[in-house]
Amino acid sequence: MRVIGLMSGTSYDAIDAAAAELSLDGDSLVLEPLGLVSEPYDGELRAALAAALPPGTASVAEVCRLDTLIGQAFAAAAVRADRELCGGRAELVASHGQTVYHWAEAGRVRGTLQLGQPAWIAEATGLPVVADFRPRDIAAGGQGAPLVSLVDLLWLRGRPGTPVALNLGGIANLTAPDGTAFDTGPGCALIDAAAHDFSGGRLAYDVDGALAARGRVRAELLERLLAEPYYALPAPKTTGKELFHVGYLHEALARAGPLPAEDVVATLTRLTARTVADALRTVGATEVLASGGGTRNPVLMRLLGESLPGVAVRRSDELGLPSDAKEAYAFAVLGFLTAHGLPGTVPASTGARHASVLGSVTPGRNGPRLPAAAGAAPARLVLR
Ligand SMILES: Nc1ncnc2c1ncn2[C@@H]1O[C@H](COP(=O)(O)OP(=O)(O)O)[C@@H](O)[C@H]1O
Ligand SMILES: [Mg+2]
């Protein structure tokens, strides 16, 4: 089955549309990557989204507007992926949507909201769309995240040692072979916020780690940031920009006094490397398979390597899974599983009472039928 996976993460930099040919072969799920198209959000929409996200607040009218505009932007990315990657023969779209709120209270997740109305995607492509992946796991007592863990576990099963999948997006998360999976804290979120702030909005992120490379780590600021209670919480745990947002950064900086931009970015880069490395140690990683935009920051990757002596830190590309597209491929897989009536969660990862078949389905031009019948749950993911 030819499936398009649509993803935009907490960095809301771009909509990633990855296409894959997926099939079940015995107990293997076979994934042939067909490629990625990445559509940056247009400036106006990105600014509207930024204003709506925490610490901002949005009216119901604004939520409606964003749901439509993001749905239309996702639809455009899906149309392009179908045309350029699938020869117009895609059969299913799996859309994560754009997370705008993850409602966590007293250590429990009680709701989550992803915008990007799937009707626009179904209308533009004619294809059935699986969307709203997270809420079902929350209804089953889970955190609704991390959902990529199922794909990570299938992908890394059978590798020697303790291979751990790490995604460095706005938030960083990992999956260990025993199913332990959690957000470690900020990936690029605070680095992005600082780069954006100090450049007066010119920079969306610290391009190639240039600022961090010129700065020096401020021990006092680092210690203060490391005192964040989230890092010490036991898994399962998830976080987001509800916590690690620009206001959080401002508060830490206000107490630190004026510092040069380079030093702040260097310190935040060290903070990510340090908290990610600490988390990797708690799960006993002997090998790290990293993905996400953060792998393009050479300073972050160097610091991470240095913090983990004896651990091989690789990009997922080395195993055939393109690091820029990994999360989008993962959602293509989750949509494929739903189309087969198969669960998309690992209760050990999300903390749910049981595994769930995920998502809501928006019918395509052929009605509510999904392009697949029941299948048996796969034991491994094979890349072709
Ligand atoms: N060349 C680069 N140098 C430094 N950081 C980069 C580079 N390219 C991407 N990034 C980082 O990756 C982030 C986007 O990563 P992505 O995996 O798309 O995250 P998300 O899933 O949160 O959208 C950017 O915000 C930026 O911090
Ligand atoms: Mg992104």
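All figures in this text were calculated on a predicted structure; none of them were measured in a lab. (Residues numbered from 1 in each chain as written. Chains lettered and ligands numbered in written order. Predicted model: local features only at pLDDT ≥ 70, side-chain atom pairs only at ≥ 80, totals over all residues. Heavy atoms only, no water.)

(A) Representation of the domain arrangement of the protein chain within the structure. Here the protein chain is partitioned into domain 1 (2–140 + 353–383) and domain 2 (151–319). Taking only C-alpha atoms, the centre of domain 1 and the centre of domain 2 are 25 Å apart. The interface of domain 1 with domain 2 comprises 15 residues on the first partner and 15 residues on the second. Contact between domain 1 and domain 2 buries roughly 1,200 Å² in total, counting both sides, with carbon and sulfur atoms accounting for 59%. Taken together, domain 1 and domain 2 are joined by eight residue pairs in polar contact (both at pLDDT 80 or more). When contributions to the side of domain 1 that touches domain 2 are tallied by element, the ones reaching two or more residues are β4 (92–105) and β13 (380–383). Considering only residue class, the side of domain 1 that touches domain 2 consists of 11 nonpolar, three polar and one charged. (Domains from an automatic or database assignment. Contact = heavy atoms within 4.5 Å. Buried area = accessible area lost by both parts, 1.4 Å probe. Polar contact = N/O pair within 3.5 Å; in protein donor to acceptor, adjacent residues only side chain to side chain. Helix = DSSP H or I, 4+ residues; strand = E, 2+ residues; numbered from the N terminus. Nonpolar A, V, L, I, M, F, W, Y, C, P; charged D, E, K, R; others polar.)

(B) Inspection of a nonpolar patch on the surface at higher detail. The grouping of Y101, W103 and L113 at the surface amounts to a nonpolar patch, some 280 Å² of accessible area in total. Locating L113 in the fold gives a position in strand β5 (residues 108–115). Assessed through its relative accessible area of 38%, L113 is described here as partly exposed. (Patch = residues over 30% accessible without salt bridge, like charges linked within 9 Å, V, L, I, M, F, W, Y side chains within 5 Å. Areas by Shrake-Rupley, 256 points an atom, 1.4 Å probe, with all protein chains shown as cover. Salt bridge = Lys/Arg side-chain N within 4 Å of Asp/Glu carboxyl O. Buried < 20%, exposed > 50% of the residue type's maximum accessible area, 1.4 Å probe, protein only.)

(C) Spotlight on helix α11 (residues 298–307). Buried residues of α11: V299, L300, M301, L303 and L304, and no others. Where α11 is buried, its residues meet β7 (163–168), α7 (210–214), α10 (261–282), β10 (287–291) and β11 (312–315). The backbone nitrogen of V299 lies 3.0 Å from a side-chain oxygen of the residue at the head of α11, namely N297.

(D) Seen up close, the pairing of β5. Pairing between β4 and β5: seven bridges, direction antiparallel. Paired with H102 across the two strands is T112, which belongs to β5. Counted along the chain from β4 to the antiparallel partner β5, the turn is two residues long, and its residue A106 has a positive phi close to 50°. (Pairing = 2+ DSSP bridges.)

(E) Local environment of the side chain of D263. Along the chain, the position of D263 falls in helix α10. Engagement of the side chain of D263 in a polar contact is seen with the backbone nitrogen of R216, the distance being 2.9 Å.

(F) Quick peek at the nonpolar core. Core analysis: the largest hydrophobic core is formed by 48 residues, its most contacted members being L166, L174, L268, L271 and L280. Among all residues touching L271, those that are not within four sequence positions of it are P186, L190, L222, L225, L226 and Y231. Of all hydrophobic cores here, the second largest spans 39 residues; its members include M1, V130, W155 and L289. (Core = buried A, V, L, I, M, F, W, Y, C linked by side-chain atoms within 4.5 Å.)

(G) The site of ligand 1, seen in detail. Around ligand 1 sit 17 residues, and of these S11, G170, D192, D208 and G293 come closest. For ligand 1, an oxygen atom lies 3.1 Å from a polar atom in the backbone of T10. Between ligand 1 and S11 there is a distance of 2.8 Å, counted from an oxygen atom to a side-chain nitrogen or oxygen. Across the complex, the protein chains shield 87% of the 570 Å² of accessible surface that ligand 1 would expose by itself. For the shell around ligand 1, a count of residues per class yields three nonpolar, nine polar and five charged. Both of domain 1 (2–140 + 353–383) and domain 2 (151–319) provide at least three residues apiece to the shell around ligand 1. (Near = heavy atom within 4 Å.)

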